[in-house]
Amino acid sequence: MRSEQGILVGSREKGFQAYFCWLIGFIRVMVVFVMITERKGCDGCLDNERAGLLHIKASFGNLDSWGTKAGRAIEDECCNWVGVSCNPATGRITDLDLDDITSPDGHDEFYLNASVFLPFKELRSLSLEYGYLTGCMENEGFEKLSTLAHLERLDLNHNRFNNDILSPLSTLVSLKHLELYENELSTNVAGLEELLKLPNLEHLNLGRNKRLGNSILSLLSSISSLKSLTLSAVGLNGTISIYGLGALINLEAIDLTGNDIVLKDLDAFTNLKTLTIDASSLTELQGSDLHSQGWLVKLEKLENLTISDSIAQGNFLETIGTMMTNLKSLIIDGLSLNSTLPQGLCNLKDMEVLDLSSSNLRGELPWCLSNFTSLRVFDISGNRVSGDIAQSPLTTLFSLEKIDVSGNDFRIPLSLSPFFNHSHLQFFEGYDIQEIYGDHHIKQQQHGAPPLLPPLFQLEVLGLSSRYNDGEYVGSFPNFLYHQRNLEHVFISNTRMKGVGFPWWLLDNNTNLVELSLVNCSLSGPFELPINLHPHGRLQVLDISSNNYIHGPIPPHLCAFLPMLGLLYISDNQLSDIIPEELSNCSFLEVLDASNNRLSGEIPGRVFDMPELSLLDLSRNNITGSLPLGFISPWISEVYLSRNRLQGTLSSHGAEPGNYMLEVLDLSHNNFEGAIPKWIAGFPQLTYLLLNNNRFTGEVMMAFCLEQLRLIDVSHNHLSGHLASAFTSNTSCGDRMNYISPSRSLEFVSKTHLYTYNGVPLDLMCGMDFSSNSFAGEIPLQIGSDLIEIKVLNLSYNKLTGSIPSTLSNLQQIESLDLSNNNLSGVIPPQLTELSYLASFSVAYNNLSGNCPKQTAQFITFDESSYRGNPFLCCTFPIRPEEPLPGPWGSYDRDDDGDGGGFVDMETFYITSGVTYVMILLIIASVLYINPNWRRVWFYYVGVTITSCHHFTANNLPVSTEYKMWKFRA
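What you see is a predicted model; the values in this text were computed from it and never measured. (Residues numbered from 1 in each chain as written. Predicted model: local features only at pLDDT ≥ 70, side-chain atom pairs only at ≥ 80, totals over all residues. Heavy atoms only, no water.)

1. Digging into the overall build of the protein
Of regular secondary structure, the protein possesses 15 helices and 57 strands. In the protein, of all internal contacts separated by at least 6 residues, the share reaching a separation of at least 24 is 64%. Of the accessible surface of the protein, which amounts to about 45800 Å², a share of 53% is contributed by carbon and sulfur atoms. (Helix = DSSP H or I, 4+ residues; strand = E, 2+ residues; numbered from the N terminus. Contact = heavy atoms within 4.5 Å. Areas by Shrake-Rupley, 256 points an atom, 1.4 Å probe, with all protein chains shown as cover.)

2. As for the sheet that holds strand β30 (residues 524-526)
Read from one edge of the open sheet, 5 strands run β30-β32-β34-β36-β38, paired in parallel fashion. Taken across any chain shown, the strands that pair with only one partner, and hence form the sheet edges, are β30 and β38 (622-623). (Pairing = 2+ DSSP bridges.)

3. Brief notes about helix α2 (residues 47-59)
In an α-helix, one turn spans 3.6 residues, which is why side chains three or four residues apart end up on the same side. Taking 1.5 Å of rise per residue, the 13 residues of α2 would be expected to cover 18 Å, and the 18 Å separating its terminal C-alpha atoms lies within 8% of that figure. For α2, the complete set of buried residues consists of E49, R50, G52, L53 and I56. The buried residues of α2 all sit within an arc of 155 degrees when viewed along its axis, so they share a single face. On its buried face, α2 sits against β3 (84-86) and β4 (93-97). (Expected span 1.5 Å × (residues − 1). Buried < 20%, exposed > 50% of the residue type's maximum accessible area, 1.4 Å probe, protein only. Arc of directions from axis to C-beta.)

4. Regarding the environment of L201
Locating L201 in the fold gives a position in the loop between β9 (177-179) and β10 (203-205). The class of L201 is buried, set by a relative accessible area of 0%. Spatially, the C-alpha atoms of L201 and S225 are 6.1 Å apart, while their sequence positions differ by 24 residues. Excluding residues that lie within four positions of it along the chain, L201 makes contacts with L175, K176, H177, L178, I223, S225 and L226.

5. Considerations on the pattern of salt bridges
Counting across every chain of the model gives 21 salt bridges. The partner of E352 in a salt bridge is R376, with the nearest N and O atoms 3.6 Å apart. A residue pair is termed long-range when its members are at least 10 positions apart, and E352 in the loop between β18 (339-340) and β19 (353-355) and R376 in the loop between β20 (361-364) and β21 (377-379) qualify at 24 residues. According to the relative accessible area criterion, R376 is partly exposed, its value standing at 28%. (Salt bridge = Lys/Arg side-chain N within 4 Å of Asp/Glu carboxyl O.)

6. Notes on the nonpolar core
Counting 230 residues, the largest nonpolar core has L96, F117, L330 and Y867 as the members making the most contacts within it. It is helix α7 (residues 316-323) that provides the largest number of residues to this core, a total of 4 residues. In contact with L96, other than residues within four places in its own chain, are L53, I56, G83, V84, F117, F120, L123, S125, L126 and S127. In terms of nonpolar packing, the next biggest core, distinct from the first, is built from 14 residues, Y569, V591, L615 and L690 among them. (Core = buried A, V, L, I, M, F, W, Y, C linked by side-chain atoms within 4.5 Å.)

7. Here we look at the sheet that holds β20
Across the sheet, 5 strands lie side by side as β18-β20-β22-β24-β26; this open sheet has parallel pairing. Looking along the sheet, the strands with just one partner apiece sit at the ends: β18 and β26 (435-437). As paired elements, strand β22 (residues 384-388) and strand β24 (residues 409-413) share 3 bridges and run parallel to each other. Following the sheet pairing, D388 is matched in β24 by R411.

8. What about the pairing of strand β32 (residues 549-552)?
Judged by which residues are buried, β32 turns out to be one-sided: I550 and G552 face inward and are buried, whereas Y549 and H551, on the alternate face, are not. Bridge count between β30 and β32: 3 bridges; the pairing is parallel. By the bridge assignment for β32, G525 is matched with I550. Across 2 bridges, the pairing between β32 and strand β34 (residues 574-577) is parallel. If you follow G552 over to β34, its bridge partner there is L575.

9. Notes on the pairing of strand β15 (residues 274-278)
With 4 of 5 residues buried, β15 is to be regarded as a mostly interior element. Relative to β15, strand β13 (residues 253-255) runs parallel, the two sharing 3 bridges. Its bridge partner lying in β15, A253 is registered against T274.

10. Overview of a nonpolar patch on the surface
On the surface, I911, V915, Y917, V918, M919, L921 and L922 cluster together to form a nonpolar patch covering roughly 690 Å² of accessible area. When its relative accessible area of 43% is taken as the criterion, L921 is described as partly exposed. (Patch = residues over 30% accessible without salt bridge, like charges linked within 9 Å, V, L, I, M, F, W, Y side chains within 5 Å.)

11. Remarks on unusual backbone geometry
Although it is not a glycine, L416 sits at a positive phi angle of roughly 55 degrees. For L416, the location among the structural elements is in the loop between β24 and β25 (427-433). The buried category is assigned to L416, whose relative accessible area is 1%. One non-glycine residue, R643, lies in positive phi territory at about 55 degrees. Structurally, R643 can be placed in the loop between β39 (638-640) and β40 (647-648).

12. Here we look at the side chain of N163
Relative to the assigned elements, N163 resides in the loop between β8 (153-155) and α3 (166-169). Residue classification places N163 among the buried positions, given a relative accessible area of 5%. With residues up to four places along the chain from it excluded, the contact list for N163 reads E184, L185, S186, V189, A190, G191 and L192.

13. Quick look at the packing of aromatic side chains
A full pass over the atoms with the stated rule returns 23 aromatic pairs. Consider the rings of Y482 and W505, whose centres lie 4.0 Å apart with planes at 10 degrees: the pair is stacked. On the criterion of sequence distance, the pair formed by Y482 in the loop between β27 (461-466) and β28 (489-493) and W505 in helix α9 (residues 504-509) is long-range, its members being 23 residues apart. On the basis of relative accessible area, Y482 is assigned to the partly exposed category, the value being 39%. Under the relative-accessibility criterion, W505 is labelled partly exposed at 23%. (Phe/Tyr/Trp six-rings, centres within 6.5 Å; stacked < 30°, edge-to-face > 60°.)

14. Describing the confidence of the model for the protein
Here the protein shows a mean pLDDT of 81. Residues at 70 or above account for 81%. Residue range residues 31-42 is modelled with pLDDT below 50. Its contacts to residues more than four positions away, or to other chains, number 14 contacts. Under a pLDDT of 50 for its full length, residues 959-970 has, in the predicted model, 3 contacts with residues more than four places off or in other chains. (pLDDT = per-residue confidence, 0-100.)

15. Let's talk about the state of the cysteines
Considering all chains together, one arrives at 4 disulfides under this definition. A sulfur-sulfur separation of 2.1 Å characterises the disulfide bridge that pairs C79 with C86. Handedness of the C79-C86 disulfide follows from its S-S torsion of about -100 degrees: it is left-handed. Pair check on accessibility: C79 and C86 agree, each one buried. Covalent S-S linkage joins C346 and C368, the inter-sulfur distance amounting to 1.8 Å. Every disulfide takes its handedness from the sign of the S-S torsion; for C346 and C368 that torsion is 45 degrees, giving right-handed. (Disulfide = S-S within 2.5 Å.)

16. What about the side chain of N159?
On the secondary structure map, N159 appears in the loop between β8 and α3. Among the residues examined, N159 registers a relative accessible area of 5% and is labelled buried. Here N157 takes part through its backbone oxygen, which lies 3.0 Å from a polar atom of the side chain of N159. The residues touching N159, leaving out its near neighbours within four places in the chain, are L128, E129, Y130, G131, Y132, L133, E182 and N183. (Polar contact = N/O pair within 3.5 Å; in protein donor to acceptor, adjacent residues only side chain to side chain.)

17. Regarding the environment of I412
In this fold, I412 is placed in strand β24. Ignoring sequence-local partners within four residues, the contact set of I412 consists of I389, V405, F428, G430, I433, E435, I436, Y437 and L464.

18. Some thoughts on the environment of N547
Within the secondary structure layout, N547 lies in the loop between β31 (541-543) and β32. Taking the relative accessible area as the measure of exposure, N547 reaches 1% and is therefore buried. When the C-alpha positions of N547 and I570 are compared, they lie 8.8 Å apart, and in sequence the two are 23 residues distant. Filtering out sequence-adjacent residues up to four positions away, N547 remains in contact with L518, N520, C521, S522, L523, D572 and N573. A distance of 2.9 Å separates a polar atom in the side chain of N547 from the backbone oxygen of L518.

If you want it as structure tokens, here you go:
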């Protein structure tokens, strides 16, 4: 009976257990069902939160990309939106990253309505960095967010908030991390004490609020919960004692860089783990008693030390290595040490991050660095350290994740074989190093040896570029790249590889690849895409310029294969055939550089319609035909089409240029004809205009924006009329903008020579060239008043009349002034001698009279060639008789010595004569060496000739008594 009861009780217990398990399972199913019904799609979010995101998108001016991915609408998948993160379990939004949410220029004031964030009940992190926000709307400030109980992180860096924001922020009691870097906070205005009301605040960033000053230290000393404090560039000055912040007992990290201070008592921070300071803040670094100060030893818990921007003694690293053996991270950036790496540094055996970039170090890496068995990051870029990386201690540090040796004198093997066992390696950067060489592994593979084992690492970033390229090949394409699957950035340049075609397989193997740059690597073969490759949805930068041996047409389906392509550089190759119209399908393409190739045919009109295209360079090709209608789009800023065979007129390609962004237009060295259209002068941002060496005719009827233009060249055309219209005021010109330096080099004639300008020299150049046309009338007076920054002015080879304006003396920056070959009359203004930078000057071949300027200042360097061809001009030095007037289409380097160059170039004559003489001697010597009979005959006649000359000299020339006595004795 009892056994039956026991069985019954046991069965009941099992029944209850089964029922309980069923109930739990049912509840789980119902929860999942509710979640699914409330959410729409596995990547979706709650309906009210998606509506909140759409409200934010409508409220701000720079979130147009929200709700799309690769051009596809994904509004229902709001958890996949850029800057949006969700809780995978609940689907609620937890993180919003809304950096740069206002207009990109950031010039307008923008006030925030914080209520738009209330739908996100589980929001933990909100970033409004670079929003250029001035404040909040009335009654819609950050106090509205006090209901978001989970909000722990608020990032307001790079805005314009002042102290008024602090009181609303004090209501966010859940905040642990507050970023207020580079705003307009000040200790001169009340409000900073509101920060004391944040009881859970652990991380506070007040950097670059330059009006805080020393008073901020006493205000912050009561926030005992702080663990991390950033006070970089806040206006601290003088001697600062850290004891004033002694109440911050939990402080683990502090940043005091960018202040003009001297720190004392750093050891007051007994729990400090991270210290970021300028070396100038520590007077101990400048003296010899660094050991005696003791603060280094007392910071027993210090693990991360960052020191930058100053000069320290060469033994500084030695001292750090001796006294701070607990360090795990040492970052020294821009500290001019001017020494080698000391042995004492190797005592830091727990080191994980070692950054010694730009510290003026030299010598080789000491082998004791192999003690850093935990080292993850090694950055010694921007120094003068030398040696072979393959023979360095880095090959023994198998924990390395990042290696950056750029800007040094290292030698690096292209194969990276010494690092094949570094399984953690993800970043290898060796830009601008001395040499990239091929090692024996590459040579073995070229001779059919068994292939190397694949490397253990999977790189994300690979950068290799050598400073010197002596023309030797370093081997084939790096074999280890065949085994990489995680690459995101690949940059290899100035490294000649033999027999290498374009590595499309690299794109197929690395679906996360964003940049692929193989510049000057001697790639060869056709530029074609395999048909079976799948589209690559991540690549944004493709640069295969300066390879010289890549040929064939541009693949028509390039944009279909690379839909996200933004920068395409294929210049300096041998690409041929027409430009495919399918290039217009590159919706995100911003830069297209196909210059210096062999492209032909016409430019497809749709190429100019790409919505993001800002730079187009098709110069130095064989492109023909006329420009398509509307070839300048509103968003394009630089157009380079020089040195082609383009033709036709520009009059039919006009636009309403008021809102256009065009800054550079180079149509030089083509066959354009007709009048220069008026709309060219209407671009308010136009800074560089080159229309020279074409066949433009007619008068210049437009007024240029002279205050904006840096270079204008319309030389070597058939233009006529008066110059005055080109120099009249243009009322359509807007305010002068800060122009951007052109991305490409430009050719311009200065001091009678053709120069190529780029970079800083181009930024400094300002010139006008109207030469070699048929302009008539007088020189406009506006030149001397409106062009005071001009450095080059060339009006030669025209039909200008009248006198030379004395206002040209206002051009105080001018270096080259050429008014030659015109019909100018009158005297040369004596005020021109005030031009202290003038290096080239010519008024030759005019009808000038009177006296030449005094030979003073710069004019003492000008000889008669600057004045010849003016028969009524009187100079203190002789002027050669007038010579035939040179043709108006002379070369840039016209001979200024007056000899016209002559029929024979004397320098060439001397060189060729010398070479011929040497060649004759070498031929005679070779013949005599080969034929012994001729050699005997040659030396026989040489001996006879010498004997005859000796007897002739002895019998016919007078000799001294001493010689006769010596001969008699002999």
